[in-house]
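Notes for the structure review
Here is how the chains run, residue by residue.
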Amino acid sequence: MAPKTSSATLRLKQDYVRLKNDPVPYVIAEPNPSNILEWYYVVSGPDDSPYAGGYYLGRLVFPRDFPFKPPSIYMITPNGRFKTNTRLCLSISDYHPDTWNPAWSVSTILTGLLSFMLENSPTMGSIEMTDYERRQFAAQSLESNVRDENFCELFPELTMVIIANMPLGLVLQALTIQKEIEKRNLARANEEQSPSMDSSQPENNVLHSVVYNSVVVVGFALFIYLVRYVLYNMNIE
């Protein structure tokens, strides 16, 4: 008998479909492939804010009885507004279960998070910095994110955009990370393979998708490296 799917899993799958069909401005999110109760999000700084040009990775950890209880919210990329890798005290987080509404979705959480980020009101986990300091963090966020495996694995298209604007030394670092991600994903796909012939096709599709995404990102980075090399030599001549 197949294991019973939890209400949290069903709800989060529904929220994921809604999020894809109706995206939240300035925010994207993806669940951990091996644990749907853990999601990663990326906030892009609005142009009229001190976070403009920045990309900020964060994490949502949902309880098993979601949506009846709220998630924990973390920010990973240094940003000047919130402490990193610290549970944030927001009205939409598990610090305030009394204000939580089970009707709220992942989209609601992400919208609320962006709203809190653009405010200056103090809360547990927030920090006070000048707009200048926050702009400095925004400029440094690209370099910080391409060193994070979760960022590179879950947001490959955004990773390619960032790599295109990186110095060559950081491109090589990003390639190293992509190689490690490919190894990890291939190992995960092999572990999940079933000996049953009936289930071999879905597993092969997962494996092919993993390989394809890795090849695309690595190929794109190598292309950028080659273009820059050619342009550099042309300028010398």
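In this report, the structure presented in the accompanying data block is examined. The model shown is predicted, which means the values in this text are computed figures rather than measured ones.

Turning next to the environment of Phe-66. Positionally, Phe-66 belongs in the loop between strand 3 (55–61) and strand 4 (72–75). Along the primary structure Phe-66 and Leu-12 are separated by 54 residues, whereas in three dimensions their C-alpha atoms are 8.5 Å apart. Beyond its immediate stretch of four places on either side in the chain, Phe-66 contacts Ser-7, Ala-8, Arg-11, Leu-12, Asp-15, Trp-100 and Trp-104.

So, on to helix 1 (residues 7–21). Helix length check: helix 1 (15 residues) gives 21 Å between terminal C-alpha atoms against 21 Å at 1.5 Å per residue, within 8%. Every buried residue of helix 1 is listed here: Ala-8, Thr-9, Arg-11, Leu-12, Asp-15 and Leu-19. Projected down its long axis, helix 1 carries its buried residues within an arc of 160 degrees, all on one side. Contacts made by the buried residues of helix 1 are with strand 1 (27–32), strand 2 (35–44) and helix 2 (106–118).

Turning to the side chain of Ser-126, a few remarks are in order. Residue position: Ser-126 is located in the loop between helix 2 and helix 3 (131–145). Reaching out from Ser-126, the side chain makes a polar contact with the backbone oxygen of Thr-123 at a distance of 2.7 Å.

Remark: helix 1 packs on helix 2, axes separated minimally by 8 Å, with the N-to-C direction vectors making an angle of 60 degrees. Of the possible angle classes, the one that applies to helix 1 and helix 2 is oblique. Contact residues: helix 1 offers Leu-12, Asp-15 and Leu-19, while helix 2 offers Val-106, Ser-107 and Leu-110. Its residues assigned to classes, the contact of helix 1 with helix 2 comprises four nonpolar, one polar and one charged.

Let's shift gears to the environment of Thr-111. Within the secondary structure, Thr-111 is located in helix 2. A residue is classified by how much of its surface remains accessible, and Thr-111, at 43% relative accessible area, is partly exposed. Considered as a pair, Thr-111 and Val-27 are 84 residues apart in the sequence and their alpha carbons are 7.9 Å apart. At 2.9 Å, the side chain of Thr-111 and the backbone oxygen of Ser-107 are in polar contact.

Reading guide: rules and limits
- Residues numbered from 1 in each chain as written.
- Predicted model: local features only at pLDDT ≥ 70, side-chain atom pairs only at ≥ 80, totals over all residues.
- Heavy atoms only, no water.
- Helix = DSSP H or I, 4+ residues; strand = E, 2+ residues; numbered from the N terminus.
- Contact = heavy atoms within 4.5 Å.
- Expected span 1.5 Å × (residues − 1).
- Buried < 20%, exposed > 50% of the residue type's maximum accessible area, 1.4 Å probe, protein only.
- Arc of directions from axis to C-beta.
- Polar contact = N/O pair within 3.5 Å; in protein donor to acceptor, adjacent residues only side chain to side chain.
- Axes fitted to C-alpha atoms, helices over the stretch in contact; angles between N-to-C directions.
- Parallel < 35°, antiparallel > 145°, perpendicular 65-115°, else oblique.
- Nonpolar A, V, L, I, M, F, W, Y, C, P; charged D, E, K, R; others polar.

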